[in-house]
Amino acid sequence: MCGRFSLGATIRIGQVFDLPNWPEIPPRYNIAPSQEVSAVIQNRETGAREFRPFRLGLVPSWAKDPAIGNRMINARSETAATKPTFRKPLRERRCLILADGFYEWKREGTRKQPHYIKLRDGAPFAFAGLWDHWAPADGDPVETCTILTTTPNEVLQPIHDRMPVILPSSAYNVWLDPAMRDVEPLQAVLTPYPAKEMTAYPVNTRVNNPANDTADCIAPLG
């Protein structure tokens, strides 16, 4: 499962993702499921990209209980088009979930060692995300999201059997386009990110606790 990541390089987000109005948000180093994440959508009417905060863990619009979101942190890219929870968002509600690194845990004997994975140049990037709008009978509506996953590249293979889909910037337009409802070109961009552009290293187990959300979470071990 990919549900823990960072977004520390917030100062560069507006420029990298062509966002005219990027709000000031504090750096995050240990974002976890059920927490708010920073995302980008494309406005259906104006065609402009917009910042949108979502809660991580997708609650489908038809759900009776929002607790289902606790199990919907990720969606497998290979089957999202056929799963009731994800097939409508794949066609109608796609987003970029912003990050500059993420964590995976490698089993080493009886323990799991956390690793931090990022782009070699340290630039922020975007996970391929889906989102949905859930409105209870009484109370405030909730907008939630999930991160699509794929098979691991050579960097991730020794650590985990899945990795989040990191979209190349060349895929942002087609992924965000509200008029794009054809699944085939969408699934064509849901591939492992080039390993040569990524790096990974072990970090301190303090990241295991989501309450620890400081820069030392991403520091190399030792």
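Report follows, based on the coordinates. Just so it is clear, the structure is predicted and the values come from calculations on it, not from any experiment. (Residues numbered from 1 in each chain as written. Predicted model: local features only at pLDDT ≥ 70, side-chain atom pairs only at ≥ 80, totals over all residues. Heavy atoms only, no water.)

1. Examining the environment of Pro-194
For Pro-194, the position within the fold is in the loop between α4 (183–187) and β13 (198–202). Accessibility expressed as a relative area gives 36% for Pro-194, which makes it partly exposed. Along the primary structure Pro-194 and Ala-135 are separated by 59 residues, whereas in three dimensions their C-alpha atoms are 39 Å apart. (Helix = DSSP H or I, 4+ residues; strand = E, 2+ residues; numbered from the N terminus. Buried < 20%, exposed > 50% of the residue type's maximum accessible area, 1.4 Å probe, protein only.)

2. Things to note about unusual backbone geometry
Even without glycine at this site, Asp-18 takes up a positive phi of about 55°. Positionally, Asp-18 belongs in the loop between α1 (13–16) and β2 (28–31).

3. What about the sheet that holds β2?
Strand-to-strand pairing in sheets goes through backbone hydrogen bonds, with the strands running parallel or antiparallel. Strand order in the open sheet formed by five strands is β2-β1-β7-β8-β13, and the pairing between neighbours is antiparallel. At either margin of the open sheet sits one strand with a lone partner, and together these are β2 and β13. Recorded for the sheet is a direction-independent mean angle of 30° between the axes of neighbouring strands. Of the strand pairs in this sheet, strand β1 (residues 5–7) and strand β7 (residues 101–108) are connected by two bridges, and their pairing is antiparallel. Within β7, the position partnered with Phe-5 by the bridge is Phe-102. (Pairing = 2+ DSSP bridges. Axes fitted to C-alpha atoms, helices over the stretch in contact; angles between N-to-C directions.)

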